[in-house]
Amino acid sequence: MKNLSRLLFAMLLVLSYSSMNAQDENNPWAIGIAVNAVDFYPVGEDAPRGGMFDEYFNVGDHWNILPSLSSLSVARYIDAGFSVGVTGSINRIDKWGDMEVDDLSYYGVDGTIKYSFGSHIGSSVFDPYLGVGGGYTWVDEIGAGTVNGTLGFNVWFTENIGLTVQSAYKHAFEDYLDTHFQHTAGITFKFGGKDTDGDGIYDKDDACPEVPGLPEFNGCPDTDGDGIEDSKDDCPNEAGTAEFNGCPDTDGDGIADKDDDCPSVAGLKSLNGCPDSDGDGVADKDDECPNEAGPAANKGCPWPDTDGDGVPDKDDLCPEKVGTVANQGCPEVTEAVQKALNAYAKTILFDTGKSTIKAQSEKVLGDIIAILKEYPNARFNIEGHTDSVGSESSNQKLSQERASSVMTYLIENGVASNRLTHEGFGESKPIDTNKTRAGRANNRRVEINLIK
């Protein structure tokens, strides 16, 4: 039992040295507890032993089995299917081939390099392996080194727990220790895979090893549960659709909420997701008249048109009088108005041979001024005409001065100067004969004509 104590102490040292990590890439460490059987018979020797593999499974006659857990192993996965391990075992020998012996103690410490074939057969459950190694075995006080060959398999019930069955051929280097087989059956525990975030995905396979995640996203999270991992989700905290890279579209207008200025009301892309009820191009949220079309310059409201002539007040030179668009909202000077102006203008009287206006013409000039003010954006040309009495040059000068006098009077009485021009035609444009008094009277005249 002294050697047993040494064996258990050595195994504890190995266990304390190993970090708790599993027997493949994910779980590189494994511990196995098992029952072992020692068989000195089928090793190709003379009686009381037999030929190689002879009666290999004759448990009752040849196998030495200690009825308790009698083997402990620790192994570490290296790479590409290879692992290394150490096993300690104890037994009691009362069968030496066909010969019975007194109870002899058996102790063994063995190191093994194993190669797993599980990945080659595409199985994660059945995992056969081969191993080679060596060790040291004691039978009672006799000990010798051995070279070992191992054949076995694991059957994994879960990722971490499995059944291990193996048979090892142990060839002794010294004549005083016989070659033998040692069979083992037991439970193996794989452990030690590092999972920093605790999401069940080992760090080596976890694309987000420090944040708990999901297997379908290689360990990365999907915080909002919309099926789009956070790293590819433009809105990782709000459930959305793949169409919008994980962002929601609450109002269903085809614009993701993050880009939608009105996320709860369906709207137009051109207005960043906001509606435009009156179709005037101004979003309802910015439209002071959302149900009445109007320009953006007036906050979505129509410009006022006091006189209702279709010309907004801001563009209407006559905002309180019905006019035409062509005349900037002012009424057009009709032919009748033109005739009335000239009818009044012909009655303007001047001192004989002079350009001074007689006082009795003030009333008719007032009527002319009233008409001109009705058409504030219309421009007029004041024309002076004479009869043929006198020289042509003097008549030209007189007509010019009379037209100027009338224009001056109109300006001094409220008609804008930029609306008026004047011109003298002398005797060149008669409207009647100059051979009669009446005809000459008609030719001496002032006309006020619309400039078109």
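Residues numbered from 1 in each chain as written. Predicted model: local features only at pLDDT ≥ 70, side-chain atom pairs only at ≥ 80, totals over all residues. Heavy atoms only, no water.

What follows is about the side chain of Asp 260. Along the polypeptide, Asp 260 turns up in the loop between β9 (180-191) and α3 (335-345). Lys 285 provides the closest opposite charge to the buried, salt-bridge-free Asp 260, at an N-O distance of 9.3 Å. Of note is the side chain of Asp 260, whose polar atom sits 2.8 Å from the backbone nitrogen of Cys 262. Setting aside residues no more than four positions away along its own chain, Asp 260 makes contact with Asp 251, Asp 253, Ile 255, Asn 272, Gly 273 and Cys 274. (Helix = DSSP H or I, 4+ residues; strand = E, 2+ residues; numbered from the N terminus. Buried < 20%, exposed > 50% of the residue type's maximum accessible area, 1.4 Å probe, protein only. Lys, Arg positive; Asp, Glu negative; His and termini not counted. Salt bridge = Lys/Arg side-chain N within 4 Å of Asp/Glu carboxyl O. Polar contact = N/O pair within 3.5 Å; in protein donor to acceptor, adjacent residues only side chain to side chain. Contact = heavy atoms within 4.5 Å.)

Moving on, we get to the state of the cysteines. When the sulfur atoms of two cysteines share a covalent bond, that bond is a disulfide. This model, assessed by the stated rule, comprises five disulfides. The residue that forms a disulfide with Cys 235 is Cys 247, at a sulfur-sulfur distance of 1.9 Å. Here Cys 235 and Cys 247 share a disulfide; its torsion about the S-S bond, 90°, makes the bridge right-handed. With Cys 235 in the loop between β9 and α3 and Cys 247 in the loop between β9 and α3, the pair connects residues that are twelve residues apart, well separated along the chain. Here Cys 235 and Cys 247 have matching classes, each one buried. Here the chain pairs its bonded cysteines, counted in sequence order, in the arrangement 1-2, 3-4, 5-6, 7-8, 9-10. (Disulfide = S-S within 2.5 Å.)

Take helix α4 (residues 362-374) next. Spanning 13 residues, α4 covers 19 Å between terminal C-alpha atoms, matching the ideal 18 Å at 1.5 Å per step. Elements that come into contact with the buried residues of α4 comprise α3, β10 (379-385), α5 (392-412), β11 (420-424) and β12 (445-451). (Expected span 1.5 Å × (residues − 1).)

Here we take up a nonpolar patch on the surface. Among the surface-exposed residues, Ile 33, Val 35, Val 59, Ile 65, Leu 69, Phe 157, Ile 161 and Phe 189 lie close enough to one another that they form a single nonpolar patch of about 650 Å² accessible area. Checked against the element boundaries, Phe 189 lands in strand β9. Its relative accessible area of 33% is what places Phe 189 among the partly exposed residues. (Patch = residues over 30% accessible without salt bridge, like charges linked within 9 Å, V, L, I, M, F, W, Y side chains within 5 Å. Areas by Shrake-Rupley, 256 points an atom, 1.4 Å probe, with all protein chains shown as cover.)

Another point: the environment of Leu 130. Its place among the elements puts Leu 130 in strand β6 (residues 126-139). We classify Leu 130 as partly exposed; its relative accessible area is 43%. Leu 130 has contacts with Ile 113, Lys 114, Tyr 115, Phe 117, Thr 150 and Leu 151, leaving out every residue within four places of it along the chain.

With that settled, consider the side chain of Glu 447. Within the element layout of this structure, Glu 447 appears in strand β12. By relative accessible area, which is 15% here, Glu 447 ends up buried. Reaching out from Glu 447, the side chain makes a polar contact with the side chain of Arg 445 at a distance of 2.8 Å. With sequence-adjacent residues up to four places away left out, Glu 447 is seen in contact with Asn 342, Ala 345, Asn 381, Ile 382, Glu 383 and His 385.

As a further point, take the nonpolar core. Of all hydrophobic cores here, the largest spans 24 residues; its most connected members are Ile 368, Leu 372, Phe 380, Ile 382, Val 406, Leu 410 and Leu 420. For this core, the secondary-structure elements that each account for two or more residues are α3, α4, β10, α5 and β12. Per element, the largest residue contribution to this core is six residues, and it comes from α4. If sequence neighbours within four positions are ignored, Ile 368 has contacts with Leu 341, Tyr 344, Ala 345, Ile 348, Leu 410 and Ile 448. In this structure, Val 38, Phe 40, Ala 172 and Leu 177 belong to the second largest nonpolar core, which totals ten residues. (Core = buried A, V, L, I, M, F, W, Y, C linked by side-chain atoms within 4.5 Å.)

Our next topic: the environment of Asp 39. Along the polypeptide, Asp 39 turns up in strand β1 (residues 29-39). The spatial distance from the C-alpha of Asp 39 to the C-alpha of Tyr 56 is 8.6 Å, given a sequence separation of 17 residues. Ignoring sequence-local partners within four residues, the contact set of Asp 39 consists of Tyr 56, His 62, Trp 63, His 180, Phe 181 and His 183. Of note is the side chain of Asp 39, whose polar atom sits 3.2 Å from the side chain of Trp 63.

Judged by pairing direction, the sheet is mixed, and its three strands sit side by side in the order β11-β10-β12 without closing on themselves. Taken across any chain shown, the strands that pair with only one partner, and hence form the sheet edges, are β11 and β12. In this sheet, neighbouring strand axes are inclined to one another by 20° on average, regardless of whether the strands run parallel or antiparallel. As paired elements, β10 and β12 share seven bridges and run antiparallel to each other. From the neighbouring strand, Arg 379 faces β12, where its bridge partner is Ile 451. Contacts from α5 reach β10, β11 and β12, with the element oriented near 160° to β11. (Pairing = 2+ DSSP bridges. Axes fitted to C-alpha atoms, helices over the stretch in contact; angles between N-to-C directions.)

Right, let's talk about the pairing of strand β7 (residues 142-156) for a bit. Direction of pairing for β6 relative to β7: antiparallel, over a ladder of 14 bridges. When the bridges of β7 are listed, Gly 135 appears paired with Thr 146. Two successive antiparallel strands, β6 and β7, enclose a turn made up of two residues, where Asp 140 displays a positive phi of approximately 55°. Of the strand pairs in this sheet, β7 and strand β8 (residues 161-172) are connected by eleven bridges, and their pairing is antiparallel. Bridge pairing links Trp 156 to Gly 162 in β8. Counting the residues in the hairpin turn of β7 and β8 gives four residues.

Before going further, it helps to spend a moment on the packing of α3 against α4. Where α3 contacts α4, the two axes come as close as 9 Å, and the packing angle between them is 155°. By the angle between their directions, the pair α3 and α4 is classed as roughly antiparallel. Classified by chirality, the crossing of α4 by α3 is left-handed. Facing α3, whose interface residues are Val 337, Ala 340, Leu 341, Tyr 344 and Ala 345, α4 presents Val 364, Asp 367, Ile 368, Ile 371 and Leu 372. Class assignment of the residues belonging to the contact of α3 with α4 gives a composition of nine nonpolar, no polar and one charged. (Parallel < 35°, antiparallel > 145°, perpendicular 65-115°, else oblique. Left-handed = near helix turned anticlockwise from the far one by under 90°. Nonpolar A, V, L, I, M, F, W, Y, C, P; charged D, E, K, R; others polar.)

Distances and angles like these do not, on their own, reveal function.
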